[in-house]
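# Examination of the molecular architecture
Below, each chain spelled out in residue letters.
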Amino acid sequence: MFVTKKTQGHLIALMTIFIWGSTFIATKVLLVNFKPIEILFYRFCLGYVMLWVLAPRLLVWQGIKRELMFLCAGFCGVTCYFLCENIALTYTNASNVGVITTLAPVFTALLSIFFLKTERPPRRFYIGCLFAILGVGLISFNGKYVLSLNPLGDILAVAACLFWACYSILTKKSSNLGYNTILLTRRFFFYGLLLMLPALSIFDFKFGLERFSQMTNLLNIIFLGVGASAICFVSWNYAVKLVGAVKISIYLYLLPILTILAAVIILHEPFTFIAAFGTLVTLIGVLLSEGRIKIKKR
């Protein structure tokens, strides 16, 4: 049976989302024995090595202007995004972080207006933003946690969204230059790891390789480094190439649902009615802002 390239792209995107939906859970498990910076460093070291295995070719120096753009992409998408996300998981539930990160497409759309010179979005976009922000507020302050504690993790999750939006803008500009997807992703990983080095001493990084003698730790870091980082970054970019960024982005809305299900089943995290309603409102807001839900005029 012949499968079209677009069908392949949709299947690859779906596979990628299923893996990404479990990353919050794997990180939450590792946080028992590892600091956020340690998980981040080991994850992307492993991912960087894996990308060399997938494409053992050298990407030569591309000039100061382009390399600076690659460096900024690595800083936003690897160092800052995942550091904020990992630290957020130490203060709030994996399900909270999973839902809040759905705001990333909204921030990306806003930044693209200024940096990619795209058209200003219609009124429904701003209405959707209000819905999404309201939903995030309901999830964050659902009555279970002390008001002064839980918001810190949720604010860090929002900051992660902003960094991912910056990363998306930079990768869009970089991909338009015609580079091989794996080689370009590996360059981002390289700069992300390089810029991560100062944070190692600040956050009291310890190698502690003996912790990987525990099979749970070893399997989770392999999952994050090889599967969720190296392979999924490349597979997502390839799916975008086959189908298009706008059509493929709809799969991002499955992330919070998959994350919440995994968090409830595997981590036994509580899921209140208010949090459920907040999740629904957030998803409606993001779908509305992206044009997935239409507002009919009378």
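From a predicted model like this one, the values you see are computed outputs, not experimental measurements.

Rules used throughout
Residues numbered from 1 in each chain as written. Predicted model: local features only at pLDDT ≥ 70, side-chain atom pairs only at ≥ 80, totals over all residues. Heavy atoms only, no water. Helix = DSSP H or I, 4+ residues; strand = E, 2+ residues; numbered from the N terminus. Buried < 20%, exposed > 50% of the residue type's maximum accessible area, 1.4 Å probe, protein only. Contact = heavy atoms within 4.5 Å. Core = buried A, V, L, I, M, F, W, Y, C linked by side-chain atoms within 4.5 Å. Axes fitted to C-alpha atoms, helices over the stretch in contact; angles between N-to-C directions. Parallel < 35°, antiparallel > 145°, perpendicular 65-115°, else oblique. Left-handed = near helix turned anticlockwise from the far one by under 90°. Nonpolar A, V, L, I, M, F, W, Y, C, P; charged D, E, K, R; others polar. Polar contact = N/O pair within 3.5 Å; in protein donor to acceptor, adjacent residues only side chain to side chain. Patch = residues over 30% accessible without salt bridge, like charges linked within 9 Å, V, L, I, M, F, W, Y side chains within 5 Å. Areas by Shrake-Rupley, 256 points an atom, 1.4 Å probe, with all protein chains shown as cover. Salt bridge = Lys/Arg side-chain N within 4 Å of Asp/Glu carboxyl O. Phe/Tyr/Trp six-rings, centres within 6.5 Å; stacked < 30°, edge-to-face > 60°. pLDDT = per-residue confidence, 0-100.

## Considering the overall build of the protein
Scanning the protein from terminus to terminus reveals 13 helices and 0 strands. Reading the protein from its N terminus to its C terminus gives the helix and strand order α-α-α-α-α-α-α-α-α-α-α-α-α. Evaluated residue by residue, the protein yields a buried proportion of 51% over its 298 residues. Of the contacts made within the protein by residues no fewer than 6 positions apart, 89% connect residues no fewer than 24 positions apart.

## What about the nonpolar core?
Formed by 72 residues in total, the largest nonpolar core has its most connected members in Trp 20 and Ile 37. At 11 residues, helix 4 (residues 64-88) tops the list of elements feeding residues into this core. Sequence-distant contacts of Ile 37, that is, excluding residues within four places in its chain, are made with Leu 83, Met 196, Ala 199, Leu 200, Phe 203 and Phe 205.

## Digging into the packing of helix 9 (residues 181-202) against helix 10 (residues 215-243)
Interaxial distance between helix 9 and helix 10 falls to 10 Å at its minimum, and their mutual angle equals 130°. Compared by their axis directions, helix 9 and helix 10 come out oblique. Here helix 9 runs over helix 10; the crossing is right-handed. Between helix 9 and helix 10, the residues in contact are Thr 181, Ile 182, Thr 185 and Phe 189 and Ser 229, Ala 230, Phe 233, Val 234 and Asn 237, respectively. Partitioning the contact of helix 9 with helix 10 into residue classes produces 5 nonpolar, 4 polar and no charged.

## A few points about helix 2 (residues 23-30)
In terms of burial, helix 2 is a largely internal element, 6 of the 8 residues being buried. Within helix 2, burial applies to Thr 23, Phe 24, Ile 25, Ala 26, Thr 27 and Leu 30.

## Focus: the environment of Ile 202
Tracing the sequence through the fold places Ile 202 in helix 9. Along the sequence, Ile 202 and Ile 37 sit 165 residues apart, while their C-alpha atoms lie 9.6 Å from each other.

## Some thoughts on the side chain of Ser 174
One can find Ser 174 in helix 8 (residues 150-175). When its relative accessible area of 0% is taken as the criterion, Ser 174 is described as buried. A distance of 2.8 Å separates the side chain of Ser 174 from the backbone oxygen of Leu 170, its partner in a polar contact. Ignoring anything within four residues of it in the chain, the contact list for Ser 174 reads Met 69, Phe 70, Tyr 179, Leu 184 and Phe 188.

## Describing the environment of Ala 160
Assignment of secondary structure puts Ala 160 in helix 8. Not counting chain neighbours up to four residues away, the residues in contact with Ala 160 comprise Tyr 81, Cys 84 and Glu 85.

## Points about a nonpolar patch on the surface
Together, Phe 131, Phe 273, Ile 274, Phe 277, Leu 280 and Ile 284 make up a nonpolar patch on the protein surface, roughly 590 Å² of accessible area in all. Sort the elements by how many residues they give to the nonpolar patch and helix 13 (residues 273-289) lands first, with 5 residues. Exposure remark for Phe 131: the relative accessible area of 36% places this residue in the partly exposed category.

## Focus on the packing of aromatic side chains
Evaluation of the coordinates by the stated rule reveals 24 aromatic pairs. Aromatic side chains Phe 41 and Phe 205 sit 5.2 Å apart centroid to centroid with 75° between the ring planes, which places their arrangement in the edge-to-face category. Of this pair, Phe 41 sits in helix 3 (residues 36-54) while Phe 205 is found in the loop between helix 9 and helix 10, placing the two residues 164 residues apart along the sequence. Across this residue pair, the class does not change: Phe 41 and Phe 205 are buried.

## Focus on the confidence of the model for the protein
Reading fine detail from the predicted coordinates is not recommended where pLDDT is low. The share of residues in the protein with pLDDT of 70 or more is 84%, and the mean pLDDT across the chain is 80. Here helix 11 (residues 245-248) stands out as the least confident element of the protein, with mean pLDDT 64; helix 3 is the most confident, with 91. Confidence over residues 145-149 falls short of pLDDT 50; this stretch has 5 contacts with residues more than four positions distant or in other chains.

## Some remarks on the packing of helix 3 against helix 4
Running from amino to carboxyl end, helix 3 crosses helix 4 at an angle of 135°, the nearest separation of the two axes being 9 Å. Regarding the angle of helix 3 to helix 4, the classification is oblique. The chirality of how helix 3 crosses helix 4 is right-handed. Side by side, helix 3 and helix 4 meet where Pro 36, Ile 37, Ile 39, Leu 40, Arg 43 and Phe 44 of the first sit next to Val 78, Thr 79, Phe 82, Leu 83, Asn 86 and Ile 87 of the second. Per-class residue counts for the contact of helix 3 with helix 4 are 9 nonpolar, 2 polar and 1 charged.

## A few points about unusual backbone geometry
Look at Asp 204: it is not a glycine, yet its phi comes out positive at around 55°. We classify Asp 204 as partly exposed; its relative accessible area is 41%.

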